[in-house]
2 protein chains.
Amino acid sequence: MNETFVIAQGGGPTAVINQTLVGAVLEARRRHPGCRVLGSRFGVRGIKNGDYVDLSQRSEEELRRIAATPSAALGSTRDKPDAAYCEVILKGLRDASATAFIYIGGNDTAGTQQILADASGGGIAFVHAPKTIDNDLEENDHTPGFISAAEFVASAFLSVDLDFRALPGIYAGIVMGRHAGFLTAASAAWRLDEDSGPHLVYVPERAFERARFVDDVKATMAKHGRCIIALSEGISSASGRSMVEELVPAEMLERDAHGNVRLSGTDLGQAIERILADDLKGTRARVDTFGYLPRGNIGAISPVDAKEAFDAGAFAVEAAAHGGGSVALQEEGGKTVIRLVPLSAVAGKTRHMPADFLDADENRLSAKGHAYLDRLLPKKFEPGKPFV
Amino acid sequence: MNETFVIAQGGGPTAVINQTLVGAVLEARRRHPGCRVLGSRFGVRGIKNGDYVDLSQRSEEELRRIAATPSAALGSTRDKPDAAYCEVILKGLRDASATAFIYIGGNDTAGTQQILADASGGGIAFVHAPKTIDNDLEENDHTPGFISAAEFVASAFLSVDLDFRALPGIYAGIVMGRHAGFLTAASAAWRLDEDSGPHLVYVPERAFERARFVDDVKATMAKHGRCIIALSEGISSASGRSMVEELVPAEMLERDAHGNVRLSGTDLGQAIERILADDLKGTRARVDTFGYLPRGNIGAISPVDAKEAFDAGAFAVEAAAHGGGSVALQEEGGKTVIRLVPLSAVAGKTRHMPADFLDADENRLSAKGHAYLDRLLPKKFEPGKPFV
């Protein structure tokens, strides 16, 4: 049988999403000599428009170099296809004589694959290969892309903590993460010692209260002489409204087509700066928005992350032979194993950071949270101990 | 004669300022066996308060580890001593029986050394050892700390450009630099090709005009389908007023004791976001404030920068034997050489980025600007060429 693999990349890029692409391409060519491998440009849009890159013959050298390059080499999309859009995609896949469609992305991407699989009536294997710096996919211990981004965040906070030992004050770094706090929690992974920042960690999973925040900052300044804070862009009030909505005047909010408020950008950072300026007058305070810097940084690619992402892509080809599903990185005895799970177990669902990753009464990582990070992010640097 | 070296670190920390500290300590101990080496905590404040770390006996292993650690291990200060403060420092140095005072920092630090040297009446050698990510010291081809920070910025923009190929839109990154644009210009060092971002570079040395900016962004979107922008925090209007002052309501500005407006923070980023939202409605636009991330990042230390910083510290000890002055990194036949120059040649002066580092009519790096960066920042990555 002449196999034709269509492969696409969806959602926000990562440092290693091209590893998954190339892992799939090379494995398809290895298992199915003579097969066709088509890369769809800009996610499912390429299928809709018949816009493909033929990857069947590209040299392994070129592909390996793409694999080591961050961001989605095929382009990506934020499109969330509805039933009608899915019909168009199915027609496109049939026109391309696709026998398998591998879609690399997060929970929305898995959702698209499930709709397609349900509507297809067979003949094409639909595989979701995981990717997200948010680390928020069900069934996964962690996701390709997370470790690299997390190492960037860990190294940035280790460094900023050293900076603010030298010139004391308050520092807040705003980290991507709409619903899940894993990436923000990674800020604490490489703390030098108990005195080290981040001293306060705020994630979407725990309600943010302005008064409590100010009290916490004051207490930290009194205890450590500086205060390093990590905040997720998606922190929310007890009522579940994002703090960007709570703190930013309505007329200044930007919403997307789905009505979601834009969280990336400097809005939350500004609001935090104002709170610190109002309630901790006279204390040096600085806020940075990390934004896009962690998510596909060519200077911070984890070899472990790269290998797992590649392996997930190769596994996706095997998964196609089993009729499709969602590829998941799971943990077994401290090792990462790759398994196939049903699309429905991942599609459209958000895995939150477990509540007990934070101490019950304080906004800092618990022993359990640290243990999780220690396993995924073994310390990469051994800084000396400053003299102050 | 019993030598006593007092060493301090001033101004904003860098990734390699501890290399200079340790280079000086080890060289002092090598050249003057039995000498005392005192590290002053928090810049000249430690001398004022008699607050020293005795570095005479610390193990080389500990010191080498500190050298490889970013930020100022002795702590730093923004104090700019006046004549009265300098008298207190001189008394402190005499009380410590100092024969040399090595102060590692930027042009303000060199200024302090010059005041001290002039007021001392001899007996103590005053040496300034260079450090600044801003790269704005006269007499220097480049400064220790710049290359590491510049590599961070170069790699971040290379990465963000790849990200925005996958999900097109406008991206602006705000980079430190009050008066000199070198660090912001480094954003263009590792461009993949002519199509690559940053497409627009705005530095303090060239007046920023809102209308021209909007036109440039629109033209770039039309040509490249995305627009990657690097802006210095210190960009100014034609009248010389910083854009933070021009764009941010007066009541929201933060000023320091000297009346300088705080440029770090999210103010400029917010203002740029508003401009893009108003004048390029409907186009996806994202702004990040790099802030503290480039300046002492443990994940982005250049070995060349580290070595030059170490050598500058060792040279400072030799400079003390010659009566003091300012240590400068100069260029000779494409190589970096270290020379001693008078304190007055560096003190309080700002070296600007040469006007011809930018094209005359466009906000992008000229061939000359690229040649300078190519020499200092040889390409570290060979990314593959995306399929979009």
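Nothing here was measured: the structure is a model prediction, and the numbers come from that model.

Chemist: Can you walk me through the nonpolar core in this structure?
Modeler: Looking at soluble globular proteins, one finds that nonpolar side chains tend to be buried together. Core analysis: the largest hydrophobic core is formed by 84 residues, its most contacted members being Tyr171, Leu183 and Leu377 of chain A together with Tyr171, Leu183 and Leu377 of chain B. Filtering out sequence-adjacent residues up to four positions away, tyrosine 171 of chain A remains in contact with Phe157, Val160, Phe164, Cys227, Ile228, Ile229, Arg286, Asp288 and Phe290 of chain A together with Tyr292 and Leu293 of chain B.

Chemist: Please clarify how the pattern of salt bridges should be interpreted in this entry.
Modeler: Opposite charge on two side chains lets them pair, provided their charged atoms get close. Residues and elements named next belong to chain A. Summed over the entire model, instances satisfying the criterion amount to 56 salt bridges over all chains. The partner of glutamate 151 in a salt bridge is lysine 380, and the shortest N-O contact between them spans 3.2 Å. Placement of glutamate 151 in helix 6 (residues 146-166) and of lysine 380 in the segment after helix 12 (367-376) is noted, with a sequence separation of 229 residues between them. Overall, lysine 380 belongs to the partly exposed group, its relative accessible area being 47%. With a closest N to O distance of 3.7 Å, aspartate 193 and arginine 165 form a salt bridge. Taken together, the residues aspartate 193 in the loop between helix 7 (182-185) and strand 7 (200-202) and arginine 165 in helix 6 connect sequence positions 28 residues apart. Take aspartate 193: its relative accessible area is 22%, and that puts it in the partly exposed class. Here the salt bridges share partners, and the residues they tie into one network are Asp161, Arg165, Asp193, Asp195, Arg226 and Lys385.

Chemist: Is there a simple way to explain the relation of the copies chain B and chain A in this structure?
Modeler: Each copy of the chain is related to the other by a rotation around an axis and a translation along that axis. Superposing chain B onto chain A requires a rotation of 180° together with a translation of 0.0 Å along the rotation axis, leaving an RMSD of 0.0 Å. In the structure described here, the two chain copies are related by an operation that fits a two-fold rotation axis. The C-alpha atom lying nearest the rotation axis in chain B is that of threonine 289 of chain B; the distance is 2.7 Å. Taken as a fraction of all interface residues of chain B, those also at the interface in chain A reach 100%, which identifies the copy contact as same-surface.

Chemist: How should I be thinking about helix 10 (residues 267-279) of chain A in this particular structure?
Modeler: Because each turn of an α-helix spans 3.6 residues, side chains separated by three or four positions end up pointing in the same direction. Helix length check: helix 10 of chain A (13 residues) gives 18 Å between terminal C-alpha atoms against 18 Å at 1.5 Å per residue, within 8%. Restricting attention to buried positions, one finds in helix 10 of chain A the residues Asp267, Leu268, Gly269, Gln270, Ala271, Ile272, Glu273, Ile275 and Leu276 of chain A. Considering only its buried residues, helix 10 of chain A is in contact with strand 6 (170-175), helix 8 (210-224), strand 8 (227-232), helix 9 (243-247) and strand 9 (285-289) of chain A together with helix 10 (267-279) of chain B.

Chemist: Can you walk me through the domain arrangement of chain A in this structure?
Modeler: Many authors give the size of an interface as the accessible area that is lost as the parts come together. Residue and element names in this part refer to chain A. Along its sequence, chain A is organised into domain 1 (4-133 + 298-345) and domain 2 (148-295 + 352-376). Computed from C-alpha atoms alone, the centre-to-centre distance between domain 1 and domain 2 is 33 Å. The interface of domain 1 with domain 2 comprises 14 residues on the first partner and nine residues on the second. Here domain 1 and domain 2 share an interface that buries about 940 Å² over both sides, 53% of which is from carbon and sulfur atoms. Linking domain 1 to domain 2 there are zero salt bridges.

Chemist: Please explain the packing of helix 6 (residues 146-166) of chain B against helix 11 (residues 303-321) of chain B as it appears in this structure.
Modeler: When two helices pack together, their arrangement is given by the angle between the helix axes and the distance between those axes. All names here are of chain B. Between helix 6 and helix 11, the least distance of the axes is 8 Å, while the angle of their chain directions is 165°. Judged by the angle between their axes, helix 6 and helix 11 are roughly antiparallel. Remark: the crossing between helix 6 and helix 11 carries left-handed chirality. Of helix 11, the residues touching helix 6 (which contributes Phe146, Ile147 and Ser148) are Val304, Asp305 and Glu308.

Chemist: Mind showing me how you'd approach the UniProt feature "binding site: substrate" (unreviewed entry) in chain A here?
Modeler: Residues and elements named next belong to chain A. The sites that carry the UniProt feature "binding site: substrate" (unreviewed entry) are, in the present numbering, Thr132, Ile133, Asp134, Met176, Gly177, Arg178, Glu233, Tyr292, Leu293, Pro294 and Arg295. Residue placement: glutamate 233 occurs in the loop between strand 8 and helix 9. Residue glutamate 233 is classed as buried on the basis of its relative accessible area, which comes to 11%. If sequence neighbours within four positions are ignored, glutamate 233 has contacts with Ile174, Val175, Met176, Gly177, Arg178, Val244, Leu263, Ser264 and Leu268. For proline 294, the position within the fold is in the loop between strand 9 and helix 11 (303-321). Classification of proline 294 by relative accessible area gives buried; the value is 3%. With sequence-adjacent residues up to four places away left out, proline 294 is seen in contact with Ala149, Phe152 and Val153.

Chemist: Just checking my understanding: could you explain the packing of helix 1 (residues 17-31) of chain B against helix 11 of chain B for this structure?
Modeler: Residues and elements named next belong to chain B. Between helix 1 and helix 11, whose axes approach to 7 Å, the crossing angle comes to 45°. Between helix 1 and helix 11, the interaxial angle falls into the category oblique. The element helix 1 and its partner helix 11 pack so that their crossing is right-handed. Of the residues in helix 11, those in contact with Gln19, Thr20, Val22, Gly23, Ala24, Leu26, Glu27, Ala28 and Arg31 of helix 1 are Ala306, Ala309, Phe310, Ala312, Gly313, Ala314, Val317, Glu318 and Ala321. The residue inventory of the contact of helix 1 with helix 11, partitioned by class, reads eleven nonpolar, four polar and three charged.

Chemist: What's the story with the interface of chain B and chain A in this structure? I'm lost.
Modeler: Contacts between the two partners involve 71 residues from chain B and, on the opposite side, 71 residues from chain A. Roughly 5,600 Å² of surface becomes buried between chain B and chain A when both sides are summed, with 59% attributable to carbon and sulfur atoms. Area buried by chain B at its contact with chain A is led by Tyr292, Ile298 and Phe387 of chain B, which between them contribute 15% of it. Inspection of the region where chain B meets chain A yields six salt bridges. Our enumeration of links across chain B and chain A arrives at 36 residue pairs in polar contact (both at pLDDT 80 or more). The element contributing the most residues to the side of chain B that touches chain A is helix 6 of chain B, with eleven residues.

Chemist: I tried to follow the sheet that holds strand 4 (residues 100-105) of chain A on my own but got confused; where do I start?
Modeler: Residue and element names in this part refer to chain A. Spatial ordering of the open sheet is given by 3-2-1-4-5-10-11, a layout of seven strands whose pairing is mixed. Of all the strands in the sheet, just strand 3 (52-54) and strand 11 (335-341) have a single pairing partner and so form its edges. Ignoring strand direction, the axes of neighbouring strands in this sheet form an average angle of 25°.

Chemist: Looking at this structure, I do not really get the UniProt feature "active site" (unreviewed entry) in chain A. What am I missing?
Modeler: Residue and element names in this part refer to chain A. The UniProt feature table records "active site" (unreviewed entry) at Asp134. Within the secondary structure, aspartate 134 sits in the loop between strand 5 (125-130) and helix 6. Setting aside its immediate chain neighbours within four residues, aspartate 134 contacts Gly177, Ala180 and Phe182.

Chemist: In this structure, what is going on with the environment of alanine 100 of chain B? I would like to understand it.
Modeler: Among the secondary structure elements, alanine 100 of chain B is positioned in strand 4 (residues 100-105). Setting aside its immediate chain neighbours within four residues, alanine 100 of chain B contacts Thr4, Phe5, Val6, Ile124, Ala125 and Ala320 of chain B.

Chemist: Could you clarify how one ought to interpret the pairing of strand 10 (residues 324-332) of chain B in this entry?
Modeler: Sheet faces and side chains relate simply in a regular strand, where the side chains alternate between the two faces. Residue and element names in this part refer to chain B. The element strand 10 is largely enclosed, with a buried count of seven among its nine residues. As defined by bridge partners, strand 5 (residues 125-130) adjoins strand 10 across three bridges and the pair is classed as parallel. Counted as the bridge partner of histidine 128 is serine 326 from strand 10. Note: strand 10 against strand 11 (residues 335-341), seven bridges, orientation antiparallel. Following the sheet pairing, valine 327 is matched in strand 11 by leucine 340. Where strand 10 folds back onto strand 11 in an antiparallel hairpin, the turn is made up of two residues, including glycine 333, whose phi is positive at roughly 60°.

Chemist: Help me understand unusual backbone geometry in this model?
Modeler: What you tend to see is this: most non-glycine residues have negative phi, and most peptide bonds are trans. The peptide bond linking glycine 197 of chain A to proline 198 of chain A adopts the cis configuration, its omega dihedral lying at 0°. Positionally, proline 198 of chain A belongs in the loop between helix 7 and strand 7. You will see that serine 71 of chain A, though not glycine, has its phi angle at about 75°, which is positive. With respect to the element layout, serine 71 of chain A can be found in the loop between helix 3 (60-67) and helix 4 (83-95). Its identity as a non-glycine residue notwithstanding, serine 97 of chain B has a phi of 55°, on the positive side. Structurally, the position occupied by serine 97 of chain B is in the loop between helix 4 (83-95) and strand 4.

Basis of the calculations
- Residues numbered from 1 in each chain as written.
- Chains lettered and ligands numbered in written order.
- Predicted model: local features only at pLDDT ≥ 70, side-chain atom pairs only at ≥ 80, totals over all residues.
- Heavy atoms only, no water.
- Core = buried A, V, L, I, M, F, W, Y, C linked by side-chain atoms within 4.5 Å.
- Buried < 20%, exposed > 50% of the residue type's maximum accessible area, 1.4 Å probe, protein only.
- Contact = heavy atoms within 4.5 Å.
- Salt bridge = Lys/Arg side-chain N within 4 Å of Asp/Glu carboxyl O.
- Helix = DSSP H or I, 4+ residues; strand = E, 2+ residues; numbered from the N terminus.
- Least-squares fit on C-alpha atoms with pLDDT ≥ 70 in both.
- Expected span 1.5 Å × (residues − 1).
- Domains from an automatic or database assignment.
- Buried area = accessible area lost by both parts, 1.4 Å probe.
- Axes fitted to C-alpha atoms, helices over the stretch in contact; angles between N-to-C directions.
- Parallel < 35°, antiparallel > 145°, perpendicular 65-115°, else oblique.
- Left-handed = near helix turned anticlockwise from the far one by under 90°.
- UniProt positions renumbered as here; feature names shortened; annotations may be inferred.
- Nonpolar A, V, L, I, M, F, W, Y, C, P; charged D, E, K, R; others polar.
- Polar contact = N/O pair within 3.5 Å; in protein donor to acceptor, adjacent residues only side chain to side chain.
- Pairing = 2+ DSSP bridges.

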